[in-house]
Amino acid sequence: MTDFTIRKARESDLDEIMRIENACFGSDAWSVQNMRDELIGEQRFYVVAHARGSADKLIAYAGLAISSATSQGDIQTIAVSENSRGQGLGRALMNSLLAEAQSKSLTEVFLEVRADNQKAEALYRSLGFEQIDVRKRYYQPDDVDALVMRLTLASSLSAEPLVLGIESSCDETGIGIVRGNTLLANVISSSMQLHARFGGVVPEVAARAHLEALRPTMQEALSEAKVSLSEIDAIAVTNGPGLAGALMVGIGAAKALAISLDKPIYAVNHLVGHVGVDVLERGTLETPTIALLVSGGHTSLLLVRDLINDVELLGETIDDAAGEAFDKVSRLLGLGYPGGPEIDRAAEGGNPQALRFPRALTLPKDMDKHRYDFSFSGLKTAVARHVEVAQAKIEAGEAAEFSVADVAASFREAVVDVLIGKAINACVDHGVMRLLLGGGVVANRRLRELAQQRCDEKGIELRIPALSLCTDNGAMIAALGAQLIMAGRSPSSLNFGADSTLSVTTVQSP
Ligand code: KG4
Ligand code: ZN
């Protein structure tokens, strides 16, 4: 038995490879030019074998073509010199190619074999390949069929990947760590207080705060999860939508980690992250589902048929986000920031029917174009007008104090009524009797109450994840990364950038 060595092929092996190629395949042999292109080609992996001690005389070679984009591989060729056959060389070469396929996270490897080469076919079957097709009379002039065979690989990462997720799209620096669908850590550092005196998030301030918060937040998450960085299987990061400068900080950190740890990176969509977070509580996301995402930065209504393959944007705000409306109205009522909790508190004891504020885009004429869209800037203006008029009356001595509680309660009712009304319409219209809520505004008491009430009336199942998972966080990003890995998705390349208007249909950037 020959004691042999297998190593990666080099261009200088070309002559030796051609000698074997010609001897094995005769008139069917590839040309020198073809073989050179293969050896030096990108997305190719060739190995050669030689007997131990005679490195300059090759006895076998094999090659794999790799398509990272589709996570598929193709065995291009395999040849063993005649007098080295029957010694396990074919199997050893195949194992080297399959190890490479595994390390590139390929999910399928294909090959073709002559129907009359039963030894080779038996070898491939023993490696797990199955016949999926026949190409009739493929090998000429012998008129022999080709069997097309496929091996399905369990990605080495796919079982229960340990994923670190980085979120920095707005004012929360979030680091989450998950193992598969299990939450290990969810640490958030918010720069909210730095924005308080401006009444809204200031992008430059947020970006700077992310930079300062990232390291300590990550350290805390690692120690909470009781894992070390070297154990992490993959990094996931939000690359949009969000504030460009803020996103860039998280993306920079994620890429640096991926490079230094030599780990795959997944660039994921923030909004889809809000939906996917449900797997951390229920182990799975039940689909199809309608999702209503409401925060300081977004107000989106989604139809999710499949978390990683089929997310559709039904509608979104055409001006202010719902949370932003709370923040702005809070400010004009002389209350603090963030506005949501302040308005909730002020509305306590107020009469939600006291004032009839407008419900934008709910009239029959809006239903064609904006059935699932939202608009809150008119509502904010209406509140401002009301406050102005009331104050003028007080100053003119025509009225006593106006009720902040009534204004807050009526404003809140208008926002919540439209949000829930449109979400319920989306469920009914699409026959999807599930509604998932996400985003910071979900903390709103009246929103939760009305959502439950209207869902009960229609027989719609309502899902509200824990508040710590509803507000922006890194765990939802890690969870979405893990979902992608478990579905066999290839990592993103390092070329992706921040995309502040990333479409919800792009779950993962390439
Ligand atoms: O998801 P989130 O933490 O992320 C950002 O958008 O940054 O949401 C924050 C938003 C703020 O606009 C805040 O006013 C709003 O969520 N919010 C609320 C409540 N608590 C927070 N809105 C209404 N009612 C609340 N109780
Ligand atoms: Zn968000």
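Up top is the structure these notes are about.
The present account deals with the structure reproduced in this document.

What counts, and where the lines are drawn
Residues numbered from 1 in each chain as written. Chains lettered and ligands numbered in written order. Predicted model: local features only at pLDDT ≥ 70, side-chain atom pairs only at ≥ 80, totals over all residues. Heavy atoms only, no water. Helix = DSSP H or I, 4+ residues; strand = E, 2+ residues; numbered from the N terminus. Rg over C-alpha atoms; globule rule 2.2 N^0.38 Å. Buried < 20%, exposed > 50% of the residue type's maximum accessible area, 1.4 Å probe, protein only. Contact = heavy atoms within 4.5 Å. Areas by Shrake-Rupley, 256 points an atom, 1.4 Å probe, with all protein chains shown as cover. Lys, Arg positive; Asp, Glu negative; His and termini not counted. Charge placed at Lys NZ, Arg CZ, Asp CG, Glu CD. Pairing = 2+ DSSP bridges. Axes fitted to C-alpha atoms, helices over the stretch in contact; angles between N-to-C directions. Donors = N, O, S within 2.8 Å, 3.2 Å for Na, K, Ca; no water. Near = heavy atom within 4 Å. Polar contact = N/O pair within 3.5 Å; in protein donor to acceptor, adjacent residues only side chain to side chain. Nonpolar A, V, L, I, M, F, W, Y, C, P; charged D, E, K, R; others polar.

We now examine the overall build of the protein. Of regular secondary structure, the protein possesses 16 helices and 18 strands. Taking 2.2 N^0.38 as the reference for a compact globule, 510 residues should give roughly 24 Å; the C-alpha atoms of the protein span a radius of gyration of 30 Å, well beyond that estimate. The buried share of the protein, reckoned over its 510 residues, is 52%. Here the contacts in the protein between residues at least 6 apart in sequence split such that 69% fall between residues at least 24 apart. Counting only carbon and sulfur atoms, one obtains 49% of the accessible surface of the protein, whose full area is about 22500 Å². Each charge sign in the protein was given a centre, from 48 positive and 65 negative side chains, and these centres are 1 Å apart.

The mixed open sheet is built from five strands, whose spatial order is β15-β14-β13-β16-β17. Strands with a single pairing partner mark the edges of an open sheet, and in this sheet they are β15 (310–316) and β17 (461–463). The sheet shows a mean angle of 20° between the axes of neighbouring strands, direction not considered.

Looking at the zinc ion (ligand 2), the protein donor atoms are His270 (NE2), His274 (NE2), His298 (NE2) and Asp472 (OD), and they sit 2.1 to 2.4 Å from it. One chain supplies every donor for the zinc ion (ligand 2), spaced along it as H-x3-H-x23-H-x173-D. With His270 in helix α8 (residues 270–276) and Asp472 in the loop between α15 (467–470) and α16 (475–486), this pair connects stretches of sequence that are 202 residues apart. Neither His270 nor Asp472 differs from the other in exposure class; each is buried.

Judged by pairing direction, the sheet is mixed, and its six strands sit side by side in the order β10-β9-β8-β11-β12-β18 without closing on themselves. At either margin of the open sheet sits one strand with a lone partner, and together these are β10 (182–190) and β18 (508–509). Two strands pair when backbone bridges link them, and strand β8 (residues 162–167) and strand β11 (residues 234–240) are joined in this way by four bridges, in the parallel orientation. Bridge pairing in β11 places Gly165 opposite Ala236. The strands touched by α16 within the sheet are β8, β9 (172–179), β10, β11, β12 (265–269) and β18, with β8 carrying the most contacts at an inclination of about 135°.

With respect to the secondary-structure elements, His370 resides in the loop between α11 (339–347) and α12 (377–395). Contact partners of His370, with chain neighbours within four places excluded, come to Ile318, Leu361 and Lys422.

Now for the site of ligand 1. Of all residues adjacent to ligand 1, which total 21 residues, the nearest are Asp171, Gly296, Asp327, Gly440 and Asn444. In the environment of ligand 1, an oxygen atom lies 2.7 Å from a nitrogen or oxygen atom belonging to the side chain of Asp327. Separating a nitrogen atom of ligand 1 from a side-chain N or O atom of Asp344 is a distance of 3.0 Å. Protein burial of ligand 1: of its 550 Å² of free accessible surface, 93% is covered by the chains. At the level of secondary structure, the elements contributing two or more residues to the shell around ligand 1 comprise α10 (322–332) and α11. Counting residues per element, the shell around ligand 1 draws most heavily on α11, which supplies four residues. Here the shell around ligand 1 is composed, by residue class, of six nonpolar, 10 polar and five charged.

That is the geometry; function is a separate question.
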